[in-house]
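For reference, the chains in residue letters:
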Amino acid sequence: MKTVIKTTNLSKVYKDSVVPVHALKNVNLEFSQGEFTAIVGPSGSGKTTFLNIIGGLDKPTDGHVIIDGVDIATMKESQLFDFRLRHIGFVFQAYNLIPVLTALENVSFIMLLQKQSKQEMEKRARAMLEQVGLGDKINERPGRLSGGQQQRVAVARALASKPDFVLADEPTANLDTESAFNLLDIMARLNKEENITLIFSTHDQRVIERARRVITLVDGAVDKDEYFERA
Amino acid sequence: MKMLIILAWRNLWRKKRRTFITISSVMFAAFLAIALMSMMDGMRDQMVSSIISSTTGYIQIQDALYHDEPILDHTMELTDEISDLVSQFSDRIAFTVPRINGFCLGSKDMGSRGVYVTGILPEKEEKMNALSSRVTEGRMFSAEDDYAVIAAGLARQLDLALGDTLVLLGQGFQGATAAGTYQVGGIIEFLMPEQNNTMVYLPLKEAQLFFGAPDRLNSLIIMVDSESDTEGLAADLANRLDPEWHAVKTWEELLPDQVAAFEARDAQVRLMAWILYVVVGFGILGTIITMMHERLREFGILLSIGLKRTQLAMICMLETIMISFLGVLAGIGLGFMATSWFKHHPIQLEGAFAEVFIELNVEPIYKFSNAPDIFIYQGTTIFIIALVVGIYPIRKILRLDMINAARK
Ligand SMILES: Nc1ncnc2c1ncn2[C@@H]1O[C@H](COP(=O)(O)OP(=O)(O)OP(=O)(O)O)[C@@H](O)[C@H]1O
Ligand SMILES: [Mg+2]
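Please read these numbers as outputs of a predicted model, since none were measured by experiment.

Asker: In this structure, what is going on with the packing of aromatic side chains? I would like to understand it.
Answerer: Each aromatic ring pair is described using two quantities: the centre-to-centre distance and the angle formed by the ring planes. Scanning all chains against the criterion turns up twelve aromatic pairs over all chains. Here F190 of chain B and Y201 of chain B contribute two aromatic rings whose centre-to-centre distance is 6.4 Å and whose plane-to-plane angle is 45°, an arrangement assigned as tilted. With F190 of chain B in the loop between β8 (177–188) and α6 (193–196) and Y201 of chain B in strand β9 (residues 199–203), the pair connects residues that are eleven residues apart, well separated along the chain. Ring-pair connections join several aromatic residues into one group, and the members of that group are Y182, F210 and F211 of chain B. Above the face of the F81 of chain A ring, R84 of chain A is positioned so that its terminal group lies 4.6 Å from the ring centre.

In structure tokens form, the structure reads like this:
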């Protein structure tokens, strides 16, 4: 299986606080094409830091992040903007969507920034909204969607541009149980159908079992890395 | 780019009321600045044209010594040389107005007053300042008549009525005694007291005879075709005249106090306008800052998913531009309507204000100008201020820490 992301000796130290915080310590991980991985661990264990670094939003203090054969840890900020736009999809905990755009426009947004053709873009955006079960809400603005629906639009947006992988930092943290399961189910299905590598972090025991691989971080280090067979 | 414009436009209307208030404040500032400038320019235009027509005209040709010592001995002869020169420039000269004048004593019976005798060609004065429209009793003389038209204040002081005889006594050209008696054939009313209490008009020929200075003039007033040509024409005329004998003066040289007064007031109004600009500038800045801070998390996310900082900065700039543009446009619209109205319906002044105008030799009404450059100047100034204000969010965005912004 093709390796999408590979980290070697990844470390992150936050020096701006009184005592330096070792948020990540020597993390060596590989993610293959099509994997569906949950990153779990107690609060402060480094989940967000890890996702930010492999997403090119933050720089490691030490180590390498190899994506598509390039080390993004050495990239300049302007290169990273473009790299994120072309290779990585993001879903955040909340406020993912642009309030003044409709669901359809939000899903199209990244493709628009990538300068895809208009017809293809709209076709793809509609299809993705159908996939996440919001075919009837394409012209609604985020303010008129529930939290769960908004997160589904965010997932549709992250996947619509067919990135190499999608990172989701606690995508279900603000959702009720039913919406959380629903979102994870959609993510699992899309992961299979689109064969897009998906990595999400969570605190939430209920949704962990949707993942086929579960990595547990403790104090910035990999504690466990387990694979599960799922239906 | 289209997307950025759409985003900026829609962002503007997220908080409709606030945007509306900001636009209104820009509008009122633009409007006030325009109204201020319009009033100032209108007043200036009015003063200039009123001063020019009632006193000096645009340009005067004088004897070289007259300006420094304005006495009858320094009058000039209206030579062929000058008449030829005037006709050579006839395409730039509307008409000329010859005058001779001097102070003397005017009396009736036992009473006497200092008067200012001015010899005029009535049809020329008519063109220049519609003098005869001020005649309240009797009528203006024609060039061939030999009676006087005197100011109403003087008539009252000397108890002169139509048909009465005015005795004039003074000094004429080169020490000769000037003396004459004239029938009062018309009474003329001036607003400015110094004119109303002193003016005595005589037909030019009569006055020249009276002063013993036939064919001589204190000055030949030149009325230009276009006001903007004043300086140029004066220079051209001066070039063709021997400075040994003749001087050419523009109204600004003849009335330096007036020009200084204009400049002082211009400076005051400009200062007021700038205070206004600063206030608007802070108004826009306030809105932009709040718009920015309530969206920092959104900005963080937009930057994370691949929107470039420059694109985001562009959105914010567009928002600023749109707000100020709408405000300026509305202000200009409102300003244009208001100034057009007041241009055609000038405000009549009364009381102390009116006095000030009268003192300045100007009719006491407010006329507004709606010259396009006022709108262009005010509009662009406020617009540029908005652009300067727009630098704040751009700087902020270029430095924004997107991770922290997205996390909050
Ligand atoms: N910008 C920062 N400056 C200083 N310390 C930071 C910063 N961001 C994170 N940390 C610290 O780094 C450690 C890891 O934080 P991180 O946010 O990655 O944990 P997490 O696993 O995502 O926690 P949670 O489950 O609460 O989201 C924590 O101790 C945190 O306090
Ligand atoms: Mg976290």
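Asker: What's the story with the site of ligand 1 in this structure? I'm lost.
Answerer: Around ligand 1 sit 15 residues in total, of which S43, G44, K47, T48 and T49 of chain A are the nearest. Chains contributing residues near ligand 1 are chains A and B. In this structure, an oxygen atom belonging to ligand 1 sits 2.5 Å away from a side-chain N or O atom of T49 of chain A. Among the secondary structure elements, those contributing two or more residues to the shell around ligand 1 are β2 (21–32) and α1 (47–54) of chain A. Looking at the shell around ligand 1, the element that brings in the most residues is α1 of chain A, giving three residues.

Asker: Sorry if this is basic, but what is going on with the pairing of strand β4 (residues 62–67) of chain A here?
Answerer: Looking along a regular strand, one sees the side chains alternate between the two faces of the sheet. Residue and element names in this part refer to chain A. With five bridges joining them, strand β1 (residues 3–14) and β4 adopt antiparallel strand pairing. In the strand pairing of β4, K6 is matched with I66. Here β4 folds back onto strand β5 (residues 70–71), and the loop between the two strands holds two residues, one of which, D68, carries a positive phi near 55°.

Asker: Just checking my understanding: could you explain a negative patch on the surface for this structure?
Answerer: On the surface, a cluster of negative charge is made up of D80, E81, D84, D242 and E244 of chain B. Secondary-structure assignment places E244 of chain B in the loop between α8 (230–240) and β12 (246–250).

Asker: What exactly am I supposed to notice about helix α2 (residues 16–56) of chain B here?
Answerer: Helical geometry note: an α-helix holds 3.6 residues per turn, so side chains three or four residues apart project in the same direction. Helix length check: α2 of chain B (41 residues) gives 57 Å between terminal C-alpha atoms against 60 Å at 1.5 Å per residue, within 8%. One or two positions beyond α2 of chain B, positive phi appears at G57 of chain B, with a value near 75°.

Asker: Explain the sheet that holds strand β3 (residues 36–40) of chain A to me, please; I cannot follow it from the model alone.
Answerer: Picture the strands of a sheet paired through backbone hydrogen bonds; they go either parallel or antiparallel. All names here are of chain A. With respect to topology, six strands assemble into an open sheet ordered β6-β7-β8-β3-β9-β10, the strand pairing being mixed. Single-partner strands in this sheet number two, and they are β6 (88–91) and β10 (221–227). Within the sheet, the average angular offset between the axes of one strand and its neighbour, ignoring direction, is 15°. Sheet topology places β3 next to strand β9 (residues 213–218); four bridges connect them, and they run parallel. Looking across to β9, one finds that A38 is bridged to V214.

Asker: Even after reading the chapter, I still don't get a nonpolar patch on the surface, so can you show me in this structure?
Answerer: A cluster of nonpolar side chains, namely M1, I5 and M314 of chain B, defines an oily patch on the protein surface of about 260 Å² accessible area. For I5 of chain B, the position within the fold is in helix α1 (residues 2–12).

Asker: What's the story with the packing of helix α3 (residues 103–113) of chain A against helix α4 (residues 118–131) of chain A in this structure? I'm lost.
Answerer: All names here are of chain A. Two elements in contact, α3 and α4, have axes whose closest approach is 9 Å; the angle formed by their N-to-C orientations is 130°. The angle between α3 and α4 places the two elements in the oblique class. Crossing of α3 against α4: the hand is right-handed. Side by side, α3 and α4 meet where A103, L104, V107, S108, M111 and L112 of the first sit next to M121, E122, R124, A125, R126, M128 and L129 of the second.

Asker: Got a minute to help me understand the pattern of salt bridges in this structure?
Answerer: Residues and elements named next belong to chain A. Scanning all chains against the criterion turns up 21 salt bridges over all chains. Two residues, E194 and R124, come together in a salt bridge whose shortest N-O distance is 2.8 Å. One end of the pair, E194, is in helix α6 (residues 177–194); the other, R124, is in helix α4, with 70 residues separating them in the sequence. Where salt bridges share partners, they join E35, R213 and D225 into one cluster.

Asker: Can you help me understand unusual backbone geometry in this one?
Answerer: Excluding glycine, most residues fall at negative phi; most peptide bonds, likewise, are trans. Residues other than glycine seldom take positive phi values, yet D68 of chain A does so here, at roughly 55°. Along the chain, the position of D68 of chain A falls in the loop between β4 and β5. In this structure D68 of chain A comes out as partly exposed when scored by relative accessible area, which is 46%. You will see that A130 of chain B, though not glycine, has its phi angle at about 50°, which is positive. A residue is classified by how much of its surface remains accessible, and A130 of chain B, at 31% relative accessible area, is partly exposed.

Asker: Even after reading the chapter, I still don't get the sheet that holds β1 of chain A, so can you show me in this structure?
Answerer: Residue and element names in this part refer to chain A. The sheet built from four strands is open, its strands ordered β2-β1-β4-β5 with antiparallel pairing. The open sheet terminates on both sides in strands that have one partner only, identified here as β2 and β5. Contacts from α1 reach β1, β2 and β4, with the element oriented near 125° to β1.

Criteria and cut-off values
Residues numbered from 1 in each chain as written. Chains lettered and ligands numbered in written order. Predicted model: local features only at pLDDT ≥ 70, side-chain atom pairs only at ≥ 80, totals over all residues. Heavy atoms only, no water. Phe/Tyr/Trp six-rings, centres within 6.5 Å; stacked < 30°, edge-to-face > 60°. Helix = DSSP H or I, 4+ residues; strand = E, 2+ residues; numbered from the N terminus. Lys NZ or Arg CZ within 6 Å of the ring centre and 35° of its normal. Near = heavy atom within 4 Å. Polar contact = N/O pair within 3.5 Å; in protein donor to acceptor, adjacent residues only side chain to side chain. Pairing = 2+ DSSP bridges. Patch = residues over 30% accessible without salt bridge, like charges linked within 9 Å, V, L, I, M, F, W, Y side chains within 5 Å. Areas by Shrake-Rupley, 256 points an atom, 1.4 Å probe, with all protein chains shown as cover. Salt bridge = Lys/Arg side-chain N within 4 Å of Asp/Glu carboxyl O. Lys, Arg positive; Asp, Glu negative; His and termini not counted. Charge placed at Lys NZ, Arg CZ, Asp CG, Glu CD. Expected span 1.5 Å × (residues − 1). Axes fitted to C-alpha atoms, helices over the stretch in contact; angles between N-to-C directions. Parallel < 35°, antiparallel > 145°, perpendicular 65-115°, else oblique. Left-handed = near helix turned anticlockwise from the far one by under 90°. Contact = heavy atoms within 4.5 Å. Buried < 20%, exposed > 50% of the residue type's maximum accessible area, 1.4 Å probe, protein only.

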